[in-house]
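Given next are the chains, with one letter for each unit.
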Amino acid sequence: MSEQPSAEHSVRAVLQRLESLRRAGVTHLRKAPAGAEPGAAPAALPAASIPESSSLPREPMPSKSAQKAKSPAAAFRVEALAEVERRVAGCTRCAELAASRTQTVFGVGNPNARLVFLGEAPGADEDRQGEPFVGRAGMLLTDIIEKGMKLRRSDVYICNILRCRPPENRTPLPVEAANCREYLDAQLAIIQPEFICCLGTVAAQNLLGVSTPIGQLRGRFLDYQGIKVICTYHPAYVLRNPAAKRHVWDDIQMLMAEMGLEVPKKSK
Ligand code: SF4
């Protein structure tokens with residue numbers, strides 16, 4: 001009897017297949033028919049070549065529901081993310097989390113985003129709604145994006161180190177972060193952001209593979225595989241420690257300047 005491929009194998013296979021299609025100049029993907037072999041990438045339609053990844057156009061998308069691609073590059077990203085999300089929905093690598101979750105929380109936002117916000121793991125609200133950063137901390141993050149940065153939440157992409165809620169919101173175990181890393185890597189490989197903003201210790205330390213405290217990681221740009229990374233405090237920490245808000249705003253203003261966004265002048 002043939003064995004089913006593991007989720008890890010499937011995701012890797014899909015990404016390799018997508019990359020080879022992109023290199024081959026394929027721009028359009030057709031959803032795999034029902035009953036298709038697990039791990040198979042969507043069928044390719046012959047079409048004109050798309051630009052190299054470094055020059056893929058990045059059009060802001062008006063809303064989550066409008067994540068329909070307007071350009072071949074965006075269409076490619078939407079399809080690729082949907083494929084990985086489908087794998088994540090059935091993932092049981094972390095037995096405890098898979099048994100206790102309501103649903104997986106993949107990520108949300110613009111698949112064409114310049115900026116990815118990376119958090120820790122879904123909480124109770126996120127587990128219920130299937131979307132990252134929708135509770136009180138999420139509302140603060142939305143304020144940072146919309147009131148602070150003058151962007152729309154739908155302009156950026158938001159995801160976590162883990163795609164399942166740890167029971168009682170405990171800190172993710174190293175093995176859980178390792179289990180889920182391939183999905184994060186896949187999301188970043190597809191979106192190819194220019195910037196990542198790590199929200200809190202767990203996001204920063206796991207992404208960068210360091211144990212440096214967040215207080216020493218914040219306030220400067222770091223590099224992750226050619227992506228500019230800025231680390232700051234998690235919105236949930238800011239809710240508990242309002243004095244940290246000033247530091248977060250400093251970090252966000254640094255990020256805005258680096259992104260070429262207008263930074264509000266300091267009042268005298
Ligand atoms: S946290 Fe990630 S690796 Fe673990 S079960 Fe959920 S989706 Fe799978």
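Not measured: the values here are computed from a predicted model.

Peer 1: Please give an account of the pairing of strand β5 (residues 157–160) that cites residues and values.
Peer 2: Where burial is concerned, the two faces of β5 agree: the one with Y157 and C159 and the one with I158 and N160 are both buried. The pairing of strand β3 (residues 108–109) with β5 spans 2 bridges and is classified as antiparallel. For G109, the partnering residue across the bridge sits in β5 and is Y157.

Peer 1: Help me get a handle on the pairing of strand β6 (residues 195–199), residues and values and all.
Peer 2: Burial analysis of β6 places 4 of its 5 residues in the buried class, the great majority of the element. Where strand β4 (residues 115–119) meets β6, 4 bridges bridge the pair, whose relative direction is parallel. What sits directly across from F117, in β6, is C197. Taken together, the 5 bridges between β6 and strand β8 (residues 227–232) define a ladder with parallel strand orientation. Within β8, the residue paired with C197 across the bridge is I230.

Peer 1: Could you give me a rundown of the site of the ligand, with the residues and numbers involved?
Peer 2: Lining the immediate environment of the ligand, one finds 14 residues, of which C91, C94, C164, N179 and C180 sit closest. Secondary structure elements with two or more residues in the shell around the ligand: α3 (95–100) and α6 (174–191). Of all the elements, α6 adds the most residues to the shell around the ligand, at 3 residues. When grouped by side-chain class, the residues that make up the shell around the ligand number 8 nonpolar, 3 polar and 3 charged.

Rules behind the numbers
- Residues numbered from 1 in each chain as written.
- Predicted model: local features only at pLDDT ≥ 70, side-chain atom pairs only at ≥ 80, totals over all residues.
- Buried ≥ 20, exposed ≤ 12 C-beta atoms within 10 Å, placed from the backbone.
- Helix = DSSP H or I, 4+ residues; strand = E, 2+ residues; numbered from the N terminus.
- Pairing = 2+ DSSP bridges.
- Near = placed C-beta within 6 Å.
- Nonpolar A, V, L, I, M, F, W, Y, C, P; charged D, E, K, R; others polar.

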